[in-house]
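Single-letter residue listing:
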Amino acid sequence: MADGTGPGRITLSGVVLAGLLLVLIIVSLYFFIAQPFWFPKLASEHGAKIDSLFMAVLVVSGIAFILVQGALGYFVARYGESGTERAEYWHDNPKAEAFLLILTAVILTVLVFMGQRVWASIYFADAPKNATIIQVTGEQFAWNFHYAGPDGQFGRTDTKLITGTNPIGLDRSDPNAKDDVLSIGVMHAPVGKPVRVQLRSKDVIHSFFLPNFRMKQDAVPGMAIEVWFTPTLTGQYEVACAELCGLGHYRMKAAFTVDESQDAFNKWLEEAGKQ
């Protein structure tokens, strides 16, 4: 950089570097506005809160990015050096440092509280009592979905009963298990009705991931973890595993169908129970 006591000068290398920074800013703005690689289509009620929070964080960090990169480009282009000058040095500027520190702290504090509010509304709120309950068990490399059936009671499970055809160890001698439905790789739920997912894992840590519903939760061996959400759009969506769980991790996925009504869901449940 030029000597702080001199006027500085515009150099070719400085202008080129400033031009590259300008291109970086323009490309970043394009991706932000055009959104060619954005989130998948939103299909849950609470997902809108997450998207809004993400957008707020992105706008704040985007403004900071443009200001910093723009200032850097200006100084690089305006104050080039000749090779013989030295940059001016000063020890500190308490007022400027205090201003930047307080401003950054205030912005981060506001964002943290916004995030905590969304987090609490999702993870600290009880699921409605009329929710559809699905027990989901992850294993290398499949998702198993267990429904209570018409009686609304889940049958007993025992790891000693796990076989190739009974992946969750469902005890069929238990009266509550008579009408239970076990589905491998296929999950259904009616639209507009809350879904309570009770997560377990048989072997290693998996991560139950529904991109369209902004839902992701680890399934940990030895633990039963519950999450809930409300589907708002019918259709078929992907259930993925977002945790590297072994060599076959790439093929650990399932299909989640949001049915158009409770009757359609009941019909599927009845058909699945016959299989």
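## So, the sheet that holds strand β8 (residues 225-229)
Okay, so step 1: What the five strands build is an open sheet, ordered β3-β2-β1-β5-β8; its pairing is mixed. Each of the sheet's edge strands pairs with one partner strand only, and the pair in question is β3 (181-184) and β8. With direction set aside, neighbouring strand axes in the sheet form an average angle of 25°.
Okay, so step 2: Pairing of strand β5 (residues 195-201) with β8 involves five bridges; the strand directions are antiparallel. Within β8, the residue paired with Q198 across the bridge is E226.
Okay, so step 3: Helix α4 (residues 262-274) rests against β1 (132-139), β2 (142-147) and β3 of the sheet, and its axis sits at about 90° to β3.

## So, the pairing of β2
Okay, so step 1: Of all six residues in β2, six are buried, a share of seventy percent or more.
Okay, so step 2: Where burial is concerned, the two faces of β2 agree: the one with A142, N144 and H146 and the one with W143, F145 and Y147 are both buried.
Okay, so step 3: The sheet contact formed by β2 and β3 spans four bridges and is antiparallel. Residue N144 lies in a different strand from β3, and its bridge partner there is I184.

## Focus: α4
Okay, so step 1: End to end, α4 covers 19 Å across 13 residues, agreeing with the expected 18 Å (1.5 Å per residue, within 8%).
Okay, so step 2: Buried residues of α4: A264, F265, W268, L269 and A272, and no others. One side of α4 holds all its buried residues, which, seen down the axis, span an arc of 140°. Those residues of α4 that are exposed and angled more than 90 degrees off the buried face are D263, K267 and K274.
Okay, so step 3: At its buried positions, α4 is contacted by β1, β2, β3, β4 (186-190) and β10 (253-259).

## Considering the sheet that holds strand β9 (residues 235-241)
What holds strands together in a sheet is hydrogen bonding between their backbones, with the strands either parallel or antiparallel.
Okay, so step 1: Spatially, the five strands line up as an open sheet ordered β4-β10-β9-β6-β7, and their pairing is mixed. Each edge of the sheet is formed by a strand with only one pairing partner; in this case those strands are β4 and β7 (215-219). If you compare each strand with its neighbour and ignore which way they point, the axes differ by 25° on average.
Okay, so step 2: Where strand β6 (residues 206-210) and β9 come together, two bridges link them in antiparallel fashion. Bridged to F209 within β9 is A240.
Okay, so step 3: Against the sheet, α4 makes contact with β4 and β10, and its axis sits at roughly 150° relative to β4, the strand it touches most.

## Thoughts on the environment of I107
Okay, so step 1: Among the secondary structure elements, I107 is positioned in helix α3 (residues 94-123).
Okay, so step 2: Through-space distance from the C-alpha of I107 to that of G149 is 50 Å; in sequence the pair is 42 residues apart.

## Topic: a nonpolar patch on the surface
Okay, so step 1: A cluster of nonpolar side chains, V23, V27, Y30, F31 and F37, forms an exposed patch at the surface whose accessible area comes to about 520 Å².
Okay, so step 2: Here V23 lies in helix α1 (residues 12-34).
Okay, so step 3: With a relative accessible area of 46%, V23 lands in the partly exposed category.

## Side note on the packing of helix α2 (residues 47-78) against α3
Working note: a packed helix pair is described by the angle between its axes plus the distance between those axes.
Okay, so step 1: Axis separation between α2 and α3 bottoms out at 10 Å; the angle between their running directions is 170°. Here α3 runs roughly antiparallel to α2, going by the angle between their axes. Here K49, I50, L53, A56, V57 and V60 of α2 lie close against α3, whose contacting residues are I107, L111, M114, G115, V118, S121 and I122.
Okay, so step 2: Residue classes in the contact of α2 with α3 are distributed as 10 nonpolar, two polar and one charged.

## Considerations on the packing of α1 against α2
Okay, so step 1: In the contact formed by α1 and α2, the axes pass within 8 Å of each other and the chain directions differ by 165°. When the axis of α1 is compared with that of α2, the two are roughly antiparallel. As for how α1 packs across α2, the hand of that crossing is left-handed. Contacts between α1 and α2 pair G14, V15, L17, A18, L21, L24, I25, S28, L29 and F32 from the former with M55, L58, V59, F65, I66, Q69, G70, L72, G73, V76 and A77 from the latter.

## Concerning the packing of aromatic side chains
Okay, so step 1: Inspection of every chain in the model, using the stated rule, returns 17 aromatic pairs.
Okay, so step 2: Seen from their ring centres, F213 and F256 are 5.2 Å apart, and the 45° between their planes marks the pair as tilted. Of this pair, F213 sits in the loop between β6 and β7 while F256 sits in strand β10, placing them 43 residues apart in sequence. Of the two residues, F213 and F256, both sit in the buried class.
Okay, so step 3: Members of the aromatic cluster, each reached through a chain of ring pairs, are F213, F229, Y237 and F256.
Okay, so step 4: The residue whose ring lies beneath R78 is Y79, and the NZ or CZ to ring-centre distance is 4.8 Å.
Okay, so step 5: Taking NZ or CZ as reference, K216 lies 5.1 Å from the ring centre of F209, over its face.

Calculation notes
- Residues numbered from 1 in each chain as written.
- Predicted model: local features only at pLDDT ≥ 70, side-chain atom pairs only at ≥ 80, totals over all residues.
- Heavy atoms only, no water.
- Pairing = 2+ DSSP bridges.
- Helix = DSSP H or I, 4+ residues; strand = E, 2+ residues; numbered from the N terminus.
- Axes fitted to C-alpha atoms, helices over the stretch in contact; angles between N-to-C directions.
- Contact = heavy atoms within 4.5 Å.
- Buried < 20%, exposed > 50% of the residue type's maximum accessible area, 1.4 Å probe, protein only.
- Expected span 1.5 Å × (residues − 1).
- Arc of directions from axis to C-beta.
- Patch = residues over 30% accessible without salt bridge, like charges linked within 9 Å, V, L, I, M, F, W, Y side chains within 5 Å.
- Areas by Shrake-Rupley, 256 points an atom, 1.4 Å probe, with all protein chains shown as cover.
- Salt bridge = Lys/Arg side-chain N within 4 Å of Asp/Glu carboxyl O.
- Parallel < 35°, antiparallel > 145°, perpendicular 65-115°, else oblique.
- Nonpolar A, V, L, I, M, F, W, Y, C, P; charged D, E, K, R; others polar.
- Left-handed = near helix turned anticlockwise from the far one by under 90°.
- Phe/Tyr/Trp six-rings, centres within 6.5 Å; stacked < 30°, edge-to-face > 60°.
- Lys NZ or Arg CZ within 6 Å of the ring centre and 35° of its normal.

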